[in-house]
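Below are the chains, spelled out letter by letter.
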Amino acid sequence: MSCLRALLCIIFPPLAVLDKGCGSILLVTVLTCFAWLPGVIGALIICNKQQ
């Protein structure tokens, strides 16, 4: 994961997982709506997964 992607995960989590699929976007968006920190953690986990 690049530094730009990590920074994007912290600032705006749903935008960071935009290329990972609809399910990931929905999950991170819901987590971010409940609280910012779970959305950031979810985005970092999804972006770190090996394909």
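Below or above, wherever it landed, is the structure these notes cover. Small disclaimer: the values here were computed from a predicted structure and weren't measured.

Definitions and limits used
Residues numbered from 1 in each chain as written. Predicted model: local features only at pLDDT ≥ 70, side-chain atom pairs only at ≥ 80, totals over all residues. Heavy atoms only, no water. Patch = residues over 30% accessible without salt bridge, like charges linked within 9 Å, V, L, I, M, F, W, Y side chains within 5 Å. Areas by Shrake-Rupley, 256 points an atom, 1.4 Å probe, with all protein chains shown as cover. Salt bridge = Lys/Arg side-chain N within 4 Å of Asp/Glu carboxyl O. Helix = DSSP H or I, 4+ residues; strand = E, 2+ residues; numbered from the N terminus. Buried < 20%, exposed > 50% of the residue type's maximum accessible area, 1.4 Å probe, protein only.

A grouping of Leu7, Ile10, Ile11, Phe12, Leu15, Leu18, Trp36, Leu37, Ile41 and Ile45 is seen on the molecular surface, where their side chains present a nonpolar patch of about 1000 Å² in accessible area. Sorting the residues of the nonpolar patch by element identifies helix H1 (3–11) and helix H4 (36–48) as the ones contributing at least two each. At four residues, H4 tops the list of elements feeding residues into the nonpolar patch. If you trace the backbone, Trp36 turns up in helix H4.

Inspection of every chain in the model, using the stated rule, returns one salt bridge. One salt bridge connects Asp19 with Arg5, and the closest N-O pair in it is separated by 3.3 Å. Of this pair, Asp19 sits in the loop between helix H2 (13–16) and helix H3 (22–34) while Arg5 is found in helix H1, placing the two residues 14 residues apart along the sequence. Overall, the relative accessible area of 24% leaves Arg5 in the partly exposed class.

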